[in-house]
Amino acid sequence: MFEISPTEWTAILLSLRVAVIATLVATPFGIALAWLLARRDFWGKSLLDAAVHLPLVLPPVVTGYLLLLTFGKRGLVGGWLADHLGIVFAFRWTGAALACGVMSFPLLVRPIRLSIEAVDRRLEQAAETLGAAPWRVFATVTLPLALPGVLAGMVLGFAKAIGEFGATITFVSNIPGETQTISSAIYSLIQTPDGDSAAARLVIISVVLAVGALIAAEVFARRATARLHGQ
Amino acid sequence: MLRVDIQKQLGEFSLAASFTSEGRVTGLFGASGSGKTSLINTIAGLVRPDRGTIVIDGETVDDTAAGIHVPTWRRRIGYVFQDARLFPHLDIRQNLDYGRRMNRLAEDGAQHKRVVDLLDIGALLDRRPGKLSGGERQRVALGRALLSKPRLLLLDEPLGALDESRKLEILPYLVRLRDEAGVPMVYVSHDAAELRQLATQIVMLRRGQVTAFGGVKVLTSGA
């Protein structure tokens, strides 16, 4: 039963590529936003906080449709990007990565924000008295101490990205080799008469990937925590 | 030289302090809640005064009338907190080196050795802060502040979190620091005996106001 066909391989590799790119691109933004939400007070903060969580509570199909309206070829941002920078999201794997990045963003930001909030501000003060400019306080004290949360957020975001379905299929459709991820491949297979065993294989693979990601998150977090507590 | 003339409203509490100290160790003395920590934090730049000026070593670091407020990290001060605040993710060597790196100072092996010897922390260099006793941590915190080559060393009850025997263990180091390191200090304490041993000038605070200023003998006249 465990003969993986070329189409399935394509879907698996595409899913991995989409999820890795989505996570790597989203992480710096996630860290910046988490820091803003954890450490700064500004007008519209709760609004921004709500906006970050929106993909978590909106129906994925709605998020996908909004992405299509914004980043589609005739969308406000999508049109400009295509004309000026030659970046196209619609019906491309890049669009799948964008959809996955947006959908996993709340899961990425939350652990990072919590771990930044947990960093003792008195240590940041001590760094400042030793001559560290604000951005160096962040780079040498806050970020290293928040590392377990950053890793946990990345792994969670990755796990969410690899399983994303609704927003992706709405935004970039289900094109084998371009936008057909594991999830959309499973969706197609269970609608074809003899796709059951292929679907089952992909289901097992996605379970393995998800559980693997969770275990990795746990291991990272434990190691980093032990290191940070001076053991 | 340290010149302070500031006012600060902190909720219900108002702090007003004015003094000029040429002393090697200026003791800020007062009961808890007298405004000692707020005052030392203002000197450090962690608290911004509502009105007034602060001059450290000839440089005006605060002047509200002229709109000057030099941020803490540019004041070239050292600060030893009651709770050492060593960085838990760095070992002792890296903790000691932190201020030098942040101030982009050249490596100074001679000074490093002098400070490490003065504070007897040579055996701790490869350890993590989590493995140190309270007294050891405080000695490392002193070394870390000194190695950033500050113009002024601020100490906020550095013995406050230690028990009696530990205090006696650290006090001689502070005396040596005063006599050998050549960095002027501001030393906050509520313990008159401690200040009698260390301070050369005393600023006495009560409810946010300076009630006496002068030599160590002001400690005996009431308070």
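Bear in mind the structure is a predicted one, so any value in this text is a computation, not a measurement. (Residues numbered from 1 in each chain as written. Chains lettered and ligands numbered in written order. Predicted model: local features only at pLDDT ≥ 70, side-chain atom pairs only at ≥ 80, totals over all residues. Heavy atoms only, no water.)

*Asks:* Looking at this structure, how should I read the side chain of Thr129 of chain A?
*Replies:* Counting through the fold element by element, Thr129 of chain A comes out in helix H6 (residues 121–129). Thr129 of chain A sits in the buried class, given a relative accessible area of 3%. Sequence-distant contacts of Thr129 of chain A, that is, excluding residues within four places in its chain, are made with Leu46, Thr72, Ile77, Tyr79 and Phe81 of chain B. (Helix = DSSP H or I, 4+ residues; strand = E, 2+ residues; numbered from the N terminus. Buried < 20%, exposed > 50% of the residue type's maximum accessible area, 1.4 Å probe, protein only. Contact = heavy atoms within 4.5 Å.)

*Asks:* What should I look at first to understand empty space enclosed by the protein in this one?
*Replies:* Over the atoms rolls a probe the size of a water molecule, and its path tells where empty space is left. Scanning the entire structure with this criterion turns up one cavity of 30 Å³ or more. Approximately 30 Å³ is the volume attributed to the largest cavity. What lines the largest cavity is simply Thr129, Leu130 and Gly131 of chain A together with Trp73, Arg76, Ile77, Asn103 and Ser148 of chain B. Each residue belonging to the lining of the largest cavity can be placed in one class, and the counts come to three nonpolar, four polar and one charged. (1 Å grid on protein atoms, 1.4 Å probe; cavity = no way out; pocket = protein on both sides within 12 Å on 5 of 7 lines; lining within 4 Å. Points joined across faces, edges and corners; volume = space filled by probe spheres on them. Nonpolar A, V, L, I, M, F, W, Y, C, P; charged D, E, K, R; others polar.)

*Asks:* What exactly am I supposed to notice about the confidence of the model for chain A here?
*Replies:* Predicted coordinates in regions of low pLDDT should not be interpreted in detail. A residue-level look at chain A finds 97% of positions with pLDDT of 70 or above and a mean pLDDT of 91. Ranking the helices and strands of chain A by mean pLDDT puts H6 of chain A first, with 96, and helix H11 (residues 196–228) of chain A last, with 85. (pLDDT = per-residue confidence, 0-100.)

*Asks:* Help me understand the interface of chain B and chain A, please; the structure alone is not making it clear to me.
*Replies:* A common measure of how large an interface is: the accessible area buried when the components associate. On the chain A side, the residues contacting the 24 residues of chain B number 23 residues. Summed over both sides, the interface of chain B with chain A buries roughly 2,200 Å², with 60% coming from carbon and sulfur. Considering only the surface of chain B that becomes buried against chain A, Trp73, His89 and Met102 of chain B emerge as the three largest contributors, covering 29% of it. Here chain B is connected to chain A by one salt bridge. The salt bridge involving Arg122 of chain A is made with Asp83 of chain B; its shortest N-O contact spans 2.5 Å. On inspection of chain B and its partner chain A, the count reaches seven residue pairs in polar contact (both at pLDDT 80 or more). Secondary structure elements with two or more residues in the side of chain B that touches chain A: strand E7 (77–80), helix H2 (92–102) and helix H4 (134–147) of chain B. Element by element, the count of residues in the side of chain B that touches chain A is highest for H2 of chain B, at four residues. For the side of chain B that touches chain A, a count of residues per class yields 11 nonpolar, six polar and seven charged. (Buried area = accessible area lost by both parts, 1.4 Å probe. Salt bridge = Lys/Arg side-chain N within 4 Å of Asp/Glu carboxyl O. Polar contact = N/O pair within 3.5 Å; in protein donor to acceptor, adjacent residues only side chain to side chain.)

*Asks:* Would you mind showing me how to read the packing of helix H1 (residues 6–39) of chain A against helix H5 (residues 93–118) of chain A here?
*Replies:* Each pair of packed helices can be described by the angle between their axes along with the distance between the axes. Residues and elements named next belong to chain A. At a minimum axis separation of 6 Å, H1 and H5 run at an interaxial angle of 40°. The angle between the axes of H1 and H5 places the two elements in the oblique class. Between H1 and H5 the crossing geometry is right-handed. (Axes fitted to C-alpha atoms, helices over the stretch in contact; angles between N-to-C directions. Parallel < 35°, antiparallel > 145°, perpendicular 65-115°, else oblique. Left-handed = near helix turned anticlockwise from the far one by under 90°.)

*Asks:* What exactly am I supposed to notice about the packing of H2 of chain B against H4 of chain B here?
*Replies:* Residues and elements named next belong to chain B. Here H2 crosses H4 at 30°, and the two axes come no closer than 6 Å. Comparing their axes, H4 and H2 come out roughly parallel. Along this stretch, H2 crosses H4, giving a crossing that reads as right-handed. For the pair H2 and H4, contact is made by Ile92, Asn95, Leu96 and Arg100 and by Val140, Gly143, Arg144 and Leu147, respectively. The residue makeup of the contact of H2 with H4, split by class, is four nonpolar, two polar and two charged.

*Asks:* Looking at this structure, how should I read the pairing of strand E8 (residues 152–156) of chain B?
*Replies:* A regular strand places its side chains on the two faces of the sheet in alternate fashion. Residues and elements named next belong to chain B. With five of five residues buried, E8 is to be regarded as a mostly interior element. Burial along E8 is two-sided: the face carrying Leu152, Leu154 and Asp156 and the face carrying Leu153 and Leu155 are both buried. Across four bridges, E7 lies against E8 in parallel orientation. Directly across from Ile77, in E8, lies its bridge partner Leu152. Strand direction decides the pairing type here: E8 and strand E9 (residues 185–189), joined by four bridges, are parallel. Counterpart to Leu154 in the pairing with E9 is Val186. (Pairing = 2+ DSSP bridges.)

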